[in-house]
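# Close look at the chain arrangement
Read off the chains here:
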Amino acid sequence: MPPRRLLLLSNSVLHCPQEAKKSSEPWLEWCWPNIEDFLGPVIKVLFIPFAPLTSWDEATERLQNVMKTRGNSYQVTGIHQCKSMKDAIAETEAIMVSGGNTFRLLYELQKNDLIDAIRQRVLNDGIPYIGWSAGTNVATPNIKTTNDMPIIWPGKDAALNLFPYNINPHFTRFTMKGFAGETRVQRLEECFRLNKQPIVLLPEGTGIKVDGDKLQFFRGPCINDPVEVMKGTPNEEKPQYIEYKFDHPTSEWINIDIFK
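Okay, so let's go over this structure. (Residues numbered from 1 in each chain as written. Predicted model: local features only at pLDDT ≥ 70, side-chain atom pairs only at ≥ 80, totals over all residues. Heavy atoms only, no water.)

### Some details on the packing of aromatic side chains
Counting across every chain of the model gives 10 aromatic pairs. Pairing F50 with W56 gives two aromatic rings, centres 4.9 Å apart and planes at 50°, and the pair type is tilted. No difference in accessibility class separates F50 from W56, as the two residues are buried. The interplanar angle of 50° and the centroid separation of 5.0 Å between the aromatic rings of F217 and Y244 together place this pair among those described as tilted. Of the two residues, F217 sits in strand β9 (residues 214–219) while Y244 sits in strand β11 (residues 240–244), which places them 27 residues apart along the sequence. Neither residue differs from the other here; F217 and Y244 are each classed as buried. These aromatic residues form a ring-pair network of at least three members: F163, Y165, F217, Y244 and F259. Over the face of the ring belonging to F38 we find R5, whose NZ or CZ atom lies 4.4 Å from the ring centre. The positively charged end of R70 is found above the aromatic ring belonging to W32, 5.3 Å away from the centroid. (Phe/Tyr/Trp six-rings, centres within 6.5 Å; stacked < 30°, edge-to-face > 60°. Buried < 20%, exposed > 50% of the residue type's maximum accessible area, 1.4 Å probe, protein only. Helix = DSSP H or I, 4+ residues; strand = E, 2+ residues; numbered from the N terminus. Lys NZ or Arg CZ within 6 Å of the ring centre and 35° of its normal.)

Encoded structure:
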């Protein structure tokens, strides 16, 4: 069986004031070298744009233009434009899933009965899966650690379960002065306390690459925040935080089961 191959990104656009702008289209620019290397010889890419509340056609066209203008011969097709979504999944060489609202994305995946079809291609056939933000959230066992509002309710919160841990994209420890609500950390610790599931905290400009039973963290330019992992402690009341700081653009490869 081919190894699973995942590229899970915190976000699609990264603002680096000190970096000279390389193109007029910042979408996926910070992580483009990672995407290009990850896809390798792939030509046919199936794009799942269910998460945005804007036009799915426009989102697909934007990705087509991005991949075309960066000098590649990718053939990008929006899954909503296909006569049979399941056939499109069966025939594609790679899957890309956009950010937006995680609840909307999972709702559409469940409504169209696509969960098992995607899992089959990624876990059994080994085709590359790339997700960012909401597309990263649905790659995990469930969507409990999304930042999004539940604007629509999926039948259940169980997701694709391609990656064994929850992920919180766009993670930040920043709190506004005078803010009286729960912080991001407090809400994630509440989730951990009830579910006892490790949570990978991905700051913007960071991602996870999975190859089989190994994973590697990586970062874009101007990123200094570490990736953190919230995992269990002996009493399970307060999680332990493991930091992965970046001396280089990528971390060492580690076993994917290390946080269990």
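### Here we look at the pattern of salt bridges
Following the criterion strictly, the structure yields 11 salt bridges and no others. The partner of K144 in a salt bridge is D157, and the shortest N-O contact between them spans 2.7 Å. Of this pair, K144 sits in the loop between α6 (134–137) and β6 (166–171) while D157 sits in the loop between α6 and β6, placing them 13 residues apart in sequence. On the basis of relative accessibility, which here comes to 32%, the residue D157 falls in the partly exposed class. Here R173 ties to E228 by a salt bridge, and the two come within 2.8 Å at their closest N and O atoms. You can see R173 sitting in the loop between β6 and α7 (184–195) and its partner E228 sitting in strand β10 (residues 227–231), a full 55 residues away along the chain. (Salt bridge = Lys/Arg side-chain N within 4 Å of Asp/Glu carboxyl O.)

### Things to note about the nonpolar core
One finds I118, Y129, F163, V200, I208 and F217 to be the most contacted residues of the largest nonpolar core, which totals 48 residues. The element contributing the most residues to this core is helix α5 (residues 115–124), with five residues. Excluding residues that lie within four positions of it along the chain, I118 makes contacts with I48, I89, I95, L109, Y129 and L160. Membership of the second largest hydrophobic core comes to 27 residues, among which are C31, F38, F47 and M96. (Core = buried A, V, L, I, M, F, W, Y, C linked by side-chain atoms within 4.5 Å. Contact = heavy atoms within 4.5 Å.)

### Describing the sheet that holds strand β7 (residues 199–203)
Judged by pairing direction, the sheet is mixed, and its four strands sit side by side in the order β6-β7-β10-β11 without closing on themselves. Of all the strands in the sheet, just β6 and β11 have a single pairing partner and so form its edges. Direction aside, neighbouring strands of the sheet carry axes that sit 20° apart on average. The sheet contacts of α7 involve β6, β7, β10 and β11, and relative to β6 the element is tilted by about 175°. (Pairing = 2+ DSSP bridges. Axes fitted to C-alpha atoms, helices over the stretch in contact; angles between N-to-C directions.)

### What to know about the sheet that holds strand β4 (residues 94–97)
Spatial ordering of the open sheet is given by β3-β2-β4-β5-β1-β8-β9-β12, a layout of eight strands whose pairing is mixed. Only two strands of the sheet have a single partner each, and these edge strands are β3 (75–78) and β12 (254–255). In this sheet, β3 lies alongside strand β2 (residues 44–48) in parallel orientation, the contact comprising four bridges. Directly across from F47, in β3, lies its bridge partner G78.

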